[in-house]
Amino acid sequence: MDILDMRILSRLLNNCRESDRQIGIELGVSGGAVRARIRKMEELKIIEEFFIKVEPPVLGYGVLYIVVSGEDINEILEQVSLIGEPNFVVPCIGGITVCSIVVKENLQQKIELANKLMKDVRVLSIFEAENPGFISNLTKTDLEILEELIKNPRQKIERIAKNTNMSTKTITRCIEKLHDNEGIQFTVNYNPKKIYDFIPYAVLAWIDGNLKETLNNLNNTFTESYLQIPFIAKNQIVLFMYSNSIFEMDELTQKVRTVKNVKSADLFIPKKISFFNKWLDKAIMDYKKSSKLHLFYQTN
């Protein structure tokens, strides 16, 4: 992996439907060179899959983030399944694991339940995380196209039209709508252990003050180190970054802590990233059976 590979990976993490040619234009290389490097990353298992990440609030679900001690994914999955459906599980260096759990309702009760039921792992932190401002007004047509895109987010519009018996104009309009939704991301899942020359990591910043102002300040300072666009969750901002040494990583994390309105910042270095879409498949199936023509939700 060199810096160009990392920049290509970053572009794919933020929009895996972006064409090789467009990525090449942005990075100053040919589309063929981009294609070859993506193929290399797939062969080396750096890129594990292209997929669509849907934030649960888009479909009316709540999210709990839980940080626990331990790295046994099977044991942790068994524990979090007592509370809700797993969304992702990320074992990190230092013997801790970050989990995202999808729950339908009564989030505060679920937090209390998690603290009581999760006996085999020690809960270090648990909090509700809803992205402010998610608006979802999906139709059944949108859901049908989304269901097709989940199989292969990079497939051509013509192929999707053929598989769904819809016009290319309808498919194009729907994909643009999905792109515009901040809670839906066309992305990739990657293997952190395969990236030998760089360190991907996340900084969870706890904010006491104006979120948008703080995010602008963070963007002005750290954009060049972003691997993905930041994620806002209530009073937290998650920065997805990369560095070429542990010293640079530590320096940047310390710098995050000095930004105005940042109350504290925790560093997480992932060893493996596992996503689970069982909840998403079920949600789409249930809503397609619904008598409603539109599924409208707005989070605050």
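First things first, this report covers the structure right here in the doc. (Residues numbered from 1 in each chain as written. Predicted model: local features only at pLDDT ≥ 70, side-chain atom pairs only at ≥ 80, totals over all residues. Heavy atoms only, no water.)

1. Some thoughts on the pattern of salt bridges
Link 1 in the chain: Using the criterion set out here, one finds 11 salt bridges in the structure.
Link 2 in the chain: Across the salt bridge formed by Asp142 and Lys177, the nearest N and O atoms sit 2.6 Å from each other. Residue Asp142 is found in helix H6 (residues 140–151), and its partner Lys177 is found in helix H8 (residues 168–180); the two are separated by 35 residues along the sequence.
Link 3 in the chain: On the accessibility criterion, Lys177 (32% relative accessible area) is partly exposed.
Link 4 in the chain: Shared partners join several salt bridges into a network, and the residues in it are Asp2, Asp5, Arg37 and Lys40. (Salt bridge = Lys/Arg side-chain N within 4 Å of Asp/Glu carboxyl O. Helix = DSSP H or I, 4+ residues; strand = E, 2+ residues; numbered from the N terminus. Buried < 20%, exposed > 50% of the residue type's maximum accessible area, 1.4 Å probe, protein only.)

2. What to know about the packing of aromatic side chains
The description of an aromatic ring pair rests on the distance of the ring centres and on the angle between the ring planes.
Link 1 in the chain: For the coordinates displayed, the defined rule picks out 5 aromatic pairs.
Link 2 in the chain: When the centroid spacing of 4.7 Å and the interplanar angle of 45° are considered together, the rings of Phe51 and Phe275 count as tilted. Of this pair, Phe51 sits in strand E1 (residues 47–54) while Phe275 sits in strand E12 (residues 274–275); the two residues are 224 residues apart in sequence, bridging distant segments of the chain.
Link 3 in the chain: With a centroid separation of 5.9 Å and an interplanar angle of 75°, the aromatic rings of Phe198 and Tyr242 are classed as edge-to-face. Taken together, the residues Phe198 in the loop between strand E7 (184–190) and strand E8 (199–207) and Tyr242 in strand E10 (residues 236–243) connect sequence positions 44 residues apart. Neither Phe198 nor Tyr242 differs from the other in exposure class; each is buried.
Link 4 in the chain: Among the aromatic residues, those joined into a cluster by ring pairs are Phe51, Tyr65, Phe88 and Phe275.
Link 5 in the chain: We note Lys53 situated over the ring of Phe231; from NZ or CZ to the ring centre the distance is 5.7 Å.
Link 6 in the chain: Over the ring of Tyr61 we find Lys104, and its NZ or CZ is 4.4 Å from the ring centre. (Phe/Tyr/Trp six-rings, centres within 6.5 Å; stacked < 30°, edge-to-face > 60°. Lys NZ or Arg CZ within 6 Å of the ring centre and 35° of its normal.)

3. Here's the deal with the sheet that holds strand E3 (residues 85–92)
Link 1 in the chain: Strand order in the open sheet made by the 5 strands is E5-E2-E4-E3-E12, with antiparallel pairing throughout. Edge positions in the sheet fall to strand E5 (123–128) and E12, since each has one partner strand and no second.
Link 2 in the chain: Strand direction decides the pairing type here: strand E2 (residues 62–69) and strand E4 (residues 96–103), joined by 8 bridges, are antiparallel. Bridging across to E4, Gly62 finds its partner in Val103.
Link 3 in the chain: Its contacts with the sheet put helix H4 (residues 73–80) on E2, E3, E4 and E12, and the angle it makes with E3 is roughly 145°. (Pairing = 2+ DSSP bridges. Contact = heavy atoms within 4.5 Å. Axes fitted to C-alpha atoms, helices over the stretch in contact; angles between N-to-C directions.)

4. Focus on empty space enclosed by the protein
Link 1 in the chain: One pass over the structure, following the stated rule, counts 1 cavity of 30 Å³ or more.
Link 2 in the chain: Each pocket or cavity is described by its volume, and for the largest cavity that value is around 40 Å³.
Link 3 in the chain: The element contributing the most residues to the lining of the largest cavity is E1, with 4 residues.
Link 4 in the chain: Tallied by class, residues from the lining of the largest cavity come to 5 nonpolar, 2 polar and 1 charged. (1 Å grid on protein atoms, 1.4 Å probe; cavity = no way out; pocket = protein on both sides within 12 Å on 5 of 7 lines; lining within 4 Å. Points joined across faces, edges and corners; volume = space filled by probe spheres on them. Nonpolar A, V, L, I, M, F, W, Y, C, P; charged D, E, K, R; others polar.)

5. Describing the environment of Pro192
Link 1 in the chain: In this structure, Pro192 sits in the loop between E7 and E8.
Link 2 in the chain: Since its relative accessible area comes to 7%, Pro192 is described here as buried.
Link 3 in the chain: Residues Pro192 and Asn235 lie 43 residues apart in sequence; the distance between their C-alpha atoms is 27 Å.
Link 4 in the chain: Among residues more than four places away in sequence, those in contact with Pro192 are Pro200, Pro270, Lys271, Lys272 and Ile273.

6. Here we look at the sheet that holds E8
Note: strands within a sheet are paired through backbone hydrogen bonds, in either parallel or antiparallel orientation.
Link 1 in the chain: Across the sheet, 4 strands lie side by side as E9-E10-E8-E11; this open sheet has antiparallel pairing. A strand with exactly one partner marks an edge of an open sheet, and here the two such strands are strand E9 (226–233) and strand E11 (262–268). This sheet shows a mean twist of 20° between the axes of neighbouring strands, independent of strand direction.
Link 2 in the chain: One ladder, built from 5 bridges, connects E9 with E10; its direction is antiparallel. Across the sheet, residue Gln228 finds its bridge partner in E10, namely Phe240.
Link 3 in the chain: Contacts from helix H10 (residues 246–257) reach E8, E10 and E11 within the one sheet, and its direction differs from that of E8 by about 15°.

7. As for the side chain of Asp20
Link 1 in the chain: You can see Asp20 is positioned in helix H2 (residues 20–27).
Link 2 in the chain: A polar contact is formed between the side chain of Asp20 and the side chain of Arg154, at a distance of 3.3 Å.
Link 3 in the chain: Residue contacts for Asp20: discarding those within four places in its chain leaves Gly31, Val34, Arg35, Ile38 and Arg154. (Polar contact = N/O pair within 3.5 Å; in protein donor to acceptor, adjacent residues only side chain to side chain.)

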